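These are the residues of each chain, in order.
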Amino acid sequence: MIMEHHVLYSFRRCPYAMRARMALAYSKVSYEHREILLRDRPQTLYDLSSKGTVPVLQLADGSVIDESVDIMKWALKRNDPEHWYKENFDHQDGLVNKNDEIFKKRLDRYKYHVRFPERSFQDHRADVSEILNEYNSLLEPGPYMFGKDICFTDIALMPFVRQCAHVDLEWFNSSFPELGAWLDRLKESELFISIMVKYPIWNESESGQYVTWE
Ligand SMILES: N[C@@H](CCC(=O)N[C@@H](CS)C(=O)NCC(=O)O)C(=O)O
């Protein structure tokens, strides 16, 4: 029996949506998955959140969470069996904010460097490298960002590091070996694989796909 009906608006390849889906899966929150296309967003998404970004989680009580980090924290507050977010709050939040505010912008300029010709590809690469080096040093004691166990920061950063790595995987793996090994572990994890399944695009006249973890 479905006790609570939450609805997630998501886009498979969106890194913000990936981190939200990983937290929901880890916390074993069941929800209706509505896969959307960014180029053809449904009006319902704008009605819930005028930003029109994904992910958006509409809770069973009607309230709306339209920031990926807030969706993660909401899920972890309900159920955090492996203590992803039980300590180092300031450090973890600081890293995730820096990722979202600074690294993401540098990543876009590196990935789409042809659209930003005012700086050379090497300059864009140096900008991402500065932050990737910080991530790599955090992992030197390893295997995860805050020691031997996965935490909130690993999951919040992983989809962005993955996107950056895939611009030039060979360069990435040779320049940031610890980060490369960390990324491989997370990419191969059951958790990540489970949230990358493909859903049909949601049709507004029908329900999405119900996702359960038990
Ligand atoms: N701060 C938001 C950012 C979400 C976001 O920008 N998602 C992208 C997809 S990866 C999006 O919806 N872009 C469409 C737009 O910005 O209009 C979050 O963390 O949820």
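Let's talk about the overall build of the chain
Phase 1 of the analysis: Tallying secondary structure elements over the chain gives 9 helices and 5 strands in all.
Phase 2 of the analysis: Sequence-ordered secondary structure for the chain, helices as α and strands as β, is β-α-β-α-β-β-α-α-α-α-α-α-α-β.
Phase 3 of the analysis: Its C-alpha atoms give the chain a radius of gyration of 18 Å, near enough to 17 Å, the size a compact globule of 214 residues would have.
Phase 4 of the analysis: With the C-alpha coordinates aligned to their principal axes, the bounding extent of the chain is approximately 50 × 40 × 30 Å.
Phase 5 of the analysis: Relative to its 214 residues, the chain shows a buried fraction of 46%.
Phase 6 of the analysis: Across the chain, contacts joining residues at least 24 apart in sequence account for 70% of those joining residues at least 6 apart.
Phase 7 of the analysis: Taken as a whole, the chain presents about 10,900 Å² of accessible surface, with 49% of it coming from carbon and sulfur.
Phase 8 of the analysis: Averaged over its 27 positive side-chain charges, the chain has a centre that lies 3 Å from the centre of its 34 negative ones.

A word on the domain arrangement of the chain
Phase 1 of the analysis: What the domain assignment lists for the chain is domain 1 (7-82 + 193-211) and domain 2 (89-190).
Phase 2 of the analysis: For domain 1 versus domain 2, the distance between C-alpha centres works out to 23 Å.
Phase 3 of the analysis: If you look at where domain 1 meets domain 2, you find 2 salt bridges.
Phase 4 of the analysis: Where Lys 73 meets Asp 93, a salt bridge forms, and the shortest distance between an N and an O atom there is 3.0 Å.
Phase 5 of the analysis: Taken together, domain 1 and domain 2 are joined by 6 residue pairs in polar contact (both at pLDDT 80 or more).
Phase 6 of the analysis: Examining the composition of the side of domain 1 that touches domain 2, we find that 5 residues originate from one element, helix H1 (residues 15-26), more than from any other.
Phase 7 of the analysis: Among the residues forming the side of domain 1 that touches domain 2, the class breakdown is 9 nonpolar, 1 polar and 3 charged.

Thoughts on the site of the ligand
Phase 1 of the analysis: Around the ligand, the structure places Cys 14, Pro 15, Tyr 16, Leu 38, Arg 41, Thr 53, Val 54, Pro 55, Asp 66, Glu 67 and Ser 68.
Phase 2 of the analysis: Contact between the ligand and Val 54: a nitrogen atom at 2.9 Å from a main-chain N or O atom of the residue.
Phase 3 of the analysis: The separation between an oxygen atom of the ligand and a polar side-chain atom of Ser 68 is 2.6 Å.
Phase 4 of the analysis: Protein chains bury 72% of the 510 Å² of accessible surface belonging to the ligand in isolation.
Phase 5 of the analysis: In this structure the site holding the ligand corresponds to the largest pocket.
Phase 6 of the analysis: In terms of residue class, the shell around the ligand is made up of 6 nonpolar, 2 polar and 3 charged.

Procedures and definitions
- Residues take numbers from 1 onward in each chain, read along the sequence in its written order.
- Only residues with pLDDT of at least 70 get local features here, since the model is predicted, and only at 80 or more are side-chain atom pairs given and counted; chain-wide, interface and lining totals rely on the full set of residues.
- Processing note: side-chain calculations cover all non-hydrogen atoms of the structure and skip hydrogens and water entirely.
- Secondary structure elements follow DSSP: runs of H or I of four or more residues count as helices, runs of E of two or more count as strands, with numbering from the N terminus.
- Based on C-alpha atoms, the radius of gyration is set beside the globule rule, defined as 2.2 Å times the residue count to the power 0.38.
- Partly exposed describes any residue whose relative accessible area lies between the buried limit of under 20% and the exposed limit of over 50%, with all areas from a 1.4 Å probe on protein chains only and scaled to the type maximum.
- Contacts: residue pairs with any heavy atoms within 4.5 Å of one another.
- Note on areas: these come from Shrake-Rupley sampling with a 1.4 Å probe, and a residue is covered only by the protein chains present in the view.
- When charges are counted, neither His nor the chain ends are considered; positive counts come from Lys and Arg and negative counts from Asp and Glu.
- Charge placement uses NZ in Lys and CZ in Arg. For Asp and Glu, CG and CD serve respectively.
- For every domain, the bounds stem from an assignment made automatically or drawn from a database.
- The term salt bridge refers to a pairing of a side-chain nitrogen on Lys or Arg with a carboxyl oxygen on Asp or Glu at a separation within 4 Å.
- Any pair of N or O atoms that falls within 3.5 Å is considered a polar contact. Within protein, one atom must be able to donate a hydrogen and the other to accept it, and sequence-neighbouring residues count only if both atoms are side-chain atoms.
- Each residue is assigned to one of three groups, with Ala, Val, Leu, Ile, Met, Phe, Trp, Tyr, Cys and Pro labelled nonpolar, Asp, Glu, Lys and Arg labelled charged, and all others, Gly among them, labelled polar.
- We call a residue near a given molecule or strand whenever any one of its heavy atoms falls within 4 Å of it.
- Note on definitions: the grid is 1 Å and covers protein atoms alone; a cavity is a set of points where a 1.4 Å probe fits but cannot get out; a pocket is an open set with protein on both sides within 12 Å along at least five of seven lines; lining residues have an atom within 4 Å of a point.
- Assignment to a cavity or pocket requires that more than half of a molecule's atoms be within 2 Å of the site's grid points.

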